[in-house]
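Listed below are the residues making up each chain.
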Amino acid sequence: MECKIVSLNIWNGGRLLDQALEFLINEKADLMFIQEAYYGQDPSFDDRFRTVQLITQAFPDYFFEFAPAYLDTREKEGPIEEGQLILSRWPLSGAKNIFFDIPYGKYDQDHHPDFSIFPANVQVADIQLGSKQCRLLNVHGPVFNDGLADTDRRLRMRVVLLEEIASEDLVILGGDFNVRAA
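Numbering of residues begins from 1 in every chain and follows the order in which that chain's sequence is written. This being a predicted model, a pLDDT of at least 70 is required before a residue's local features are given, and a value of 80 or more before pairs of side-chain atoms are given or counted; all residues contribute to the totals for chains, interfaces and linings. Excluding hydrogens and water, the side-chain figures rest on all heavy atoms present in the structure.

**Student:** Would you mind showing me how to read the overall build of the protein chain here?
**Tutor:** Helix and strand definitions here come from DSSP, where helices need a minimum of 4 consecutive H or I residues and strands a minimum of 2 consecutive E residues; each element is numbered from the N-terminal end. Scanning the protein chain for helices and strands turns up 3 helices and 9 strands. Helices and strands in the protein chain line up, N terminus first, as β-α-β-α-β-β-β-β-β-β-α-β. With C-alpha atoms as the basis for the radius of gyration, the globule rule is written as 2.2 Å multiplied by the number of residues raised to the power 0.38. At 16 Å, the protein chain has a C-alpha radius of gyration in line with the 16 Å of a compact globule built from 182 residues. Seen through its C-alpha atoms, the protein chain measures out along the principal axes to roughly 50 × 40 × 30 Å. The 182 residues of the protein chain split such that 49% are buried. All accessibility values rest on the Shrake-Rupley procedure with a 1.4 Å probe; residue burial counts only the protein chains present in the view. When the accessible surface of the protein chain is split by element, carbon and sulfur atoms take 52% of a total near 9300 Å². For each residue, the accessible area found with a 1.4 Å probe, counting protein chains only, is set against the maximum for its type, and the residue is called buried under 20%, exposed over 50%, and partly exposed in between.

Below, the structure is given as structure tokens:
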């Protein structure tokens with residue numbers, strides 16, 4: 001069975017949301033892994049703070065799950081959850097949100113540009129592909145500006161991901177791991 005997959009960091013809720021939506025619509029992927037999506041509920045918010053609603057509205061026949069990474073305590077808009085989004089042509093089950101080390105909490109992205117203190121997580125869900133169950137992992141890894149060093153946070157991410165896929169026969173792993181190629 002063929003499956004078209006797109007993984008896209010929407011960049012801070014979608015600073016290029018119009019172009020990203022056009023890309024997603026043109027690609028018509030079966031599975032979409034989106035990172036840094038905002039789930040603002042207020043229709044008066046800028047589009048980038050309503051990423052989840054706008055993308056899911058563009059794909060009304062898809063199933064979706066959102067996994068919040070943190071609550072962004074924005075000064076102007078107020079608190080808005082930011083996290084990962086999976087969209088699928090097939091029903092999603094077994095959804096969970098696993099944090100690598102720093103748990104869900106309140107963070108002010110406008111006033112704390114050091115993203116190394118923000119939570120990092122993997123969104124997990126399952127789909128049925130033909131006769132096989134498939135585990136989906138949508139990662140947003142810890143952010144560092146330290147080059148290629150294996151930090152404790154990066155090593156913990158590796159352990160969590162390996163534990164999550166250890167007993168699975170079929171896995172699709174996507175996301176933004178925030179690592180640099182050597």
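That covers the picture; the talk isn't over yet.
**Student:** Can you help me understand the nonpolar core in this one?
**Tutor:** Burial of nonpolar side chains together is a common tendency in soluble globular proteins. In this structure, Leu24, Met32, Ile34, Ile55, Phe59, Leu85 and Leu87 are the most contacted members of the largest nonpolar core, which totals 18 residues. Where this core is concerned, the elements lending two or more residues are helix 1 (17–27), strand 2 (31–38), helix 2 (51–58) and strand 4 (78–88). The biggest single contributor to this core is helix 1, with 4 residues. Not counting residues up to four positions away in its chain, the partners in contact with Leu24 are Val6, Leu8, Met32, Ile34, Ile55 and Phe59. Listed in part, the 11 residues of the second largest apolar core include Phe33, Ile86, Trp90 and Leu129. To form a nonpolar core, buried Ala, Val, Leu, Ile, Met, Phe, Trp, Tyr and Cys residues must be joined to one another through side-chain atoms within 4.5 Å. We call two residues contacting when some pair of their heavy atoms lies within 4.5 Å.

**Student:** Would you mind going over the side chain of Arg154 with me for this structure?
**Tutor:** Residue placement: Arg154 occurs in helix 3 (residues 152–165). Classification of Arg154 by relative accessible area gives buried; the value is 5%. At a separation of 3.2 Å, a polar atom in the side chain of Arg154 contacts the main-chain carbonyl oxygen of Asn178. Whenever a nitrogen or oxygen atom comes within 3.5 Å of another N or O atom, the pair is scored as a polar contact, on the condition that within protein one atom can donate a hydrogen and the other can accept it, and that pairs from neighbouring residues in sequence are kept only if both atoms are in side chains.

**Student:** In this structure, what is going on with the packing of aromatic side chains? I would like to understand it.
**Tutor:** Geometry of an aromatic ring pair is reported as the spacing of the ring centres plus the angle between the planes. When the centres of two rings from Phe, Tyr and Trp lie within 6.5 Å, Trp using its six-membered ring, the rings pair. Their planes under 30 degrees apart give stacked, over 60 give edge-to-face, and anything left gives tilted. Scanning the entire structure with this criterion turns up 7 aromatic pairs. Ring geometry for Phe59 against Tyr62: centres 5.0 Å apart, planes inclined by 70 degrees, an arrangement best described as edge-to-face. The exposure class of Phe59 is buried, given its relative accessible area of 7%. Tyr62 gets classed as buried once you look at its relative accessible area, which sits at 12%. Each member of the aromatic cluster is reached from another via a ring pair, and the members are Tyr70, Tyr107, Phe115 and Phe118. Above the ring of Trp11, the side-chain terminus of Arg15 is found at 6.0 Å from the ring centroid. By definition, being over a ring means that NZ of Lys or CZ of Arg is both within 6 Å of the ring centre and within 35 degrees of the ring normal.

**Student:** Teacher, can you tell me more about the sheet that holds strand 9 (residues 171–176) here?
**Tutor:** Strand pairs in the sheet, formed through backbone hydrogen bonds, run parallel or antiparallel to each other. Note on pairing: two strands pair once DSSP finds at least 2 bridges between them. The sheet built from 4 strands is open, its strands ordered 5-7-8-9 with mixed pairing. The sheet terminates laterally at strand 5 (93–99) and strand 9, the two strands that pair on one side only. If you compare each strand with its neighbour and ignore which way they point, the axes differ by 20 degrees on average. Relative to strand 9, strand 8 (residues 132–140) runs parallel, the two sharing 6 bridges. Bridged to Asn138 within strand 9 is Gly174. Angular values range over 0 to 180 degrees, each being the angle between N-to-C directions of two axes fitted as lines to C-alpha atoms, with helices fitted over their stretch in contact.

**Student:** Where do I start with the sheet that holds strand 1 (residues 5–9) in this structure?
**Tutor:** The 5 strands lie next to each other as 1-2-4-3-6, forming an open sheet whose pairing is mixed. Edge strands, defined here as strands with exactly one partner in the open sheet, are strand 1 and strand 6 (106–107). When strand 3 (residues 63–74) meets strand 4, the two strands line up antiparallel, connected through 11 bridges. In the strand pairing of strand 4, Tyr70 is matched with Glu82. Packed onto the sheet, helix 1 meets strand 1 and strand 2 and runs at close to 175 degrees relative to strand 1.

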